[in-house]
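# Reading the structure
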Amino acid sequence: MSTAISAVNLRKNFNNIEVFSDFNFTAEEGKITAIFGPNGSGKSTLLNILSGVTEKDSGEYKIENFNLLQFSYIFQNYRESLLPWRTNFENVALPLEIQHKTKNEIKERVAELQKIFELKINWDGYPYELSGGQQQILAFMRALVTEPKILFIDEPFSALDYENNLFLREHLQKYYLSFKPTIILITHNIEEAVHLADKIVVLSKKPTKIIDVISNSLPYPRTIQSLKIEEFHKIKDKVLTAFQQVTNL
Amino acid sequence: MKKYIIIGPIVLILIWAVVAKLQLIDKFFLPSPWVTLVELWKLIITGSILPDLFATLERVIISFIIAVILGIPLGLWLGRSEKFYRSLEFVIDFFRSTPATALFPLFLLIFGITDNSKIAVAAFASMLIIIFNTAYGVMQAKKSRVLAARIMGASKHQIFKWILFWESLPQTFIGLRSAISLALVVIIVTEMFIGTNIGLGRKIIDSQITYEIPTMYAVILLTGIIGYLLNLLFSLAERKFLHWSGK
């Protein structure tokens, strides 16, 4: 198992508030790493630094063989990042158009994802006609259509109802098992973290430290049934115990 | 709710009719709505107003087209760089705030007592509105969309073509609508005073001077109808092409 993403002695201040000081972090290739922590623990800041959206103050980070064309980042405010003047199909196709792919190739790739995500919508319609859940699935498809090697996901499920949430988790796993990208998933929901991740990194409040790293070897695909078994609850309890250390509860 | 739209005009015409009927204002200066509408009808079916109507429309459309051809690219270009826009902001705002008609004598000096000076001043005034709105539209683009495209590896050119241009369209359309209304105003005013025998503005002034008061009212009404229809045209186009706006 090789390290795909690493950060060493990362340091970042915002307006004299220390977010990271000597922060160290790794994520393994082809695995799903969940980052779990209280609000304001710098989860999004970490992804923004790793992806170059935000500048670090000092320290090092590295993504092996980084290539922007094989990297996708699903933002929290997916609704704003879809383009309302493009049809649903054209929205998913956008990253491929940016990469100058041919029409046929675009059609093929989108069709492949349509099969995985089973989203039954009017593809010639527009995103604003869709429900929030469908819009989020669309944003996922757009991010995955380039078959990224590295995928960052920032609280992807927070705006979804439980049914859509489970639907998306199931289909994200389906995609993951076919393409095996390295995924970093930010979440503030323990169940989500344990459901999807190989490894759960629990962060403290600022200045951010890693409180615990909990590994999770439950086999994929993890179904709704997996949420009910004892092993699942044991892992969830471990995460909760770590989380208790950083809150005042 | 659509049927309520008719209530305003009916009330206005009723008030007009009552005021005229009771002769609150001398009949000579305020003919009844009926007389005015009949006059308008006559002007149209005899065709005597058509040369004026077409002359005015031609001037308005030509000046609007010039304003669009120059204004949209300039606005897009200025909007791309906030520094650029800020350095020209005062100049644009200043001329936008200057009554266009005040500049007319200047344009007369440059273009002579011809149609060209009328068209130039209307085009200039409407162009400023288009520049201002288009540039603003580009600058107001949602940062999240631009960032998302950048993360996908989009070049500056692609971001402009696929994001910023589209983001600016709703604001550009607001500009186009105000611009065509302003072009109509400026053309009518310039027609009233200088260098033409033809045009609705000319017709209004002429009928006032010769005391053909019903004709004057009829033509005023006609200019209002044209202004309204032009606005309506843009509203419809907006609903068709910018169905996604604000979503």
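Our structure's up above, just so we're on the same page.
Okay, so let's go over this structure.

### Notes on the overall build of chain A
Of regular secondary structure, chain A possesses eight helices and nine strands. Against the 2.2 N^0.38 benchmark of 18 Å for 249 residues, chain A shows a C-alpha radius of gyration of 18 Å, consistent with a compact globule. By principal-axis analysis of the C-alpha atoms, chain A measures approximately 50 × 45 × 35 Å. Evaluated residue by residue, chain A yields a buried proportion of 39% over its 249 residues. Sequence-distant contacts in chain A: of pairs separated by 6 or more residues, those separated by 24 or more amount to 74%.

### Quick word on the overall build of chain B
Scanning chain B for helices and strands turns up ten helices and zero strands. A principal-axis box enclosing the C-alpha atoms of chain B has dimensions of 70 × 50 × 30 Å. Within chain B, counting contacts between residues at least 6 apart in sequence, those at least 24 apart form 75% of the total.

### Things to note about the nonpolar core
Grouped burial of nonpolar side chains is what soluble globular proteins tend to show. Counting 119 residues, the largest nonpolar core has Ala34, Ile200 and Val239 of chain A together with Ala183 of chain B as the members making the most contacts within it. Setting aside anything within four residues of it in sequence, one finds Val239 of chain A in contact with Phe36, Ile190, Ala193, Val194, Ile200, Val202 and Ile214 of chain A.

### Quick look at the interface of chain B and chain A
A common measure of how large an interface is: the accessible area buried when the components associate. Contacts between chain B and chain A engage 13 residues on the former and 18 residues on the latter. If you list the elements that add at least two residues to the side of chain B that touches chain A, you get α7 (143–151) and α8 (156–193) of chain B. Examining the composition of the side of chain B that touches chain A, we find that five residues originate from one element, α7 of chain B, more than from any other. Of the residues that constitute the side of chain B that touches chain A, the class distribution is seven nonpolar, three polar and three charged.

### Some thoughts on the sheet that holds strand β4 (residues 58–63) of chain A
Residues and elements named next belong to chain A. In space, the three strands of this open sheet follow the order β2-β1-β4, with antiparallel pairing throughout. In the strand order of this sheet, the two ends are held by β2 (17–28) and β4, each with one partner. Across the sheet, the mean angle separating the axes of adjacent strands is 15° when strand polarity is ignored. One ladder, built from eight bridges, connects strand β1 (residues 3–14) with β2; its direction is antiparallel.

### Section: the environment of Gly79 of chain B
Residues and elements named next belong to chain B. The topology assignment puts Gly79 in helix α3 (residues 50–80). As for Gly79 and Ser168, which are separated by 89 residues in sequence, their C-alpha atoms are 9.1 Å apart. In contact with Gly79, other than residues within four places in its own chain, are Tyr85, Thr134, Ala135, Tyr136, Gly137, Val138, Met139 and Ser168.

### Here's the deal with helix α6 (residues 162–179) of chain A
Residue and element names in this part refer to chain A. Over its 18 residues, α6 extends 26 Å from the first C-alpha to the last, a length consistent with the 26 Å expected when each residue adds 1.5 Å. Every buried residue belonging to α6 is among Asn165, Arg169, Leu172 and Tyr175, and all of these are buried. One face of α6 carries all of its buried residues, which in axial projection span an arc of 130°. In α6, the exposed residues that point more than 90 degrees away from the buried face are Glu163, Leu177 and Ser178.

### Focus: the sheet that holds strand β7 (residues 182–187) of chain A
All names here are of chain A. With respect to topology, six strands assemble into an open sheet ordered β5-β6-β7-β3-β8-β9, the strand pairing being mixed. Two strands lie at the open edges of the sheet, namely β5 (71–74) and β9 (210–215), each paired on one side alone. Between one strand axis and the next, the sheet turns through 15° on average, direction left out of account. With four bridges connecting them, strand β3 (residues 32–36) and strand β8 (residues 199–203) associate as parallel partners. Residue Thr33 lies in a different strand from β8, and its bridge partner there is Lys199. In this fold helix α5 (residues 132–144) packs onto β5 and β6 (150–154), with an angle of close to 165° to the strand it touches most, β5.

### Focus: the packing of α3 of chain B against α8 of chain B
Residue and element names in this part refer to chain B. Remark: α3 packs on α8, axes separated minimally by 8 Å, with the N-to-C direction vectors making an angle of 145°. Crossing of α3 against α8: the hand is right-handed. Residues Thr56, Arg59, Val60, Ser63, Phe64, Ala67, Ile72, Leu76, Gly79 and Arg80 of α3 touch α8, and the partners they reach there are Phe160, Phe165, Ser168, Thr172, Ala179, Ile180, Ala183, Leu184, Ile187, Ile188 and Glu191. A per-class count over the contact of α3 with α8 returns 13 nonpolar, five polar and three charged.

### Some details on the pairing of β1 of chain A
Residues and elements named next belong to chain A. Here β1 folds back onto β2, and the loop between the two strands holds two residues, one of which, Asn15, carries a positive phi near 50°. One ladder, built from five bridges, connects β1 with β4; its direction is antiparallel. Across the sheet, the residue bridging to Arg11 is Ser58, located in β4.

### A word on the pairing of β3 of chain A
Residue and element names in this part refer to chain A. For β3, the buried fraction is high: five of the five residues fall into the buried class. Residues Ile32, Ala34 and Phe36 line one face of β3 and the alternating positions Thr33 and Ile35 line the opposite face, and both faces are buried. When β3 meets β7, the two strands line up parallel, connected through five bridges. Residue Ala34 lies in a different strand from β7, and its bridge partner there is Leu185.

### Looking at the environment of Ala93 of chain A
All names here are of chain A. Take Ala93: it is sitting in helix α3 (residues 88–98). Sequence-wise, Ala93 and Val110 are 17 residues apart; in three dimensions their C-alpha atoms are separated by 6.9 Å. Excluding its chain neighbours within four sequence positions, the residues that come into contact with Ala93 are Ile106 and Val110.

### Here we look at unusual backbone geometry
Residues and elements named next belong to chain A. Cis peptide bonds are those with omega within 30 degrees of zero, and the linkage from Lys206 to Pro207 qualifies with -10°. On the secondary structure map, Pro207 appears in the loop between β8 and β9. Residue Tyr220 is joined to Pro221 through a cis peptide bond whose omega torsion reads -10°. Examined against the element boundaries, Pro221 turns out to sit in the loop between β9 and α8 (230–246). Unusually for a residue other than glycine, His100 sits at a positive phi of about 60°. Within the secondary structure layout, His100 lies in the loop between α3 and α4 (103–117). His100 sits in the exposed class, given 8 other C-beta atoms within 10 Å. Positive phi is not limited to glycine here, since Lys180 has a value of about 50°. Residue position: Lys180 is located in the loop between α6 and β7.

Definitions and cut-offs
Residues numbered from 1 in each chain as written. Chains lettered and ligands numbered in written order. Predicted model: local features only at pLDDT ≥ 70, side-chain atom pairs only at ≥ 80, totals over all residues. Helix = DSSP H or I, 4+ residues; strand = E, 2+ residues; numbered from the N terminus. Rg over C-alpha atoms; globule rule 2.2 N^0.38 Å. Buried ≥ 20, exposed ≤ 12 C-beta atoms within 10 Å, placed from the backbone. Contact = placed C-beta atoms within 7 Å. Core = buried A, V, L, I, M, F, W, Y, C linked by C-beta atoms within 7 Å. Nonpolar A, V, L, I, M, F, W, Y, C, P; charged D, E, K, R; others polar. Pairing = 2+ DSSP bridges. Axes fitted to C-alpha atoms, helices over the stretch in contact; angles between N-to-C directions. Expected span 1.5 Å × (residues − 1). Arc of directions from axis to C-beta. Left-handed = near helix turned anticlockwise from the far one by under 90°.

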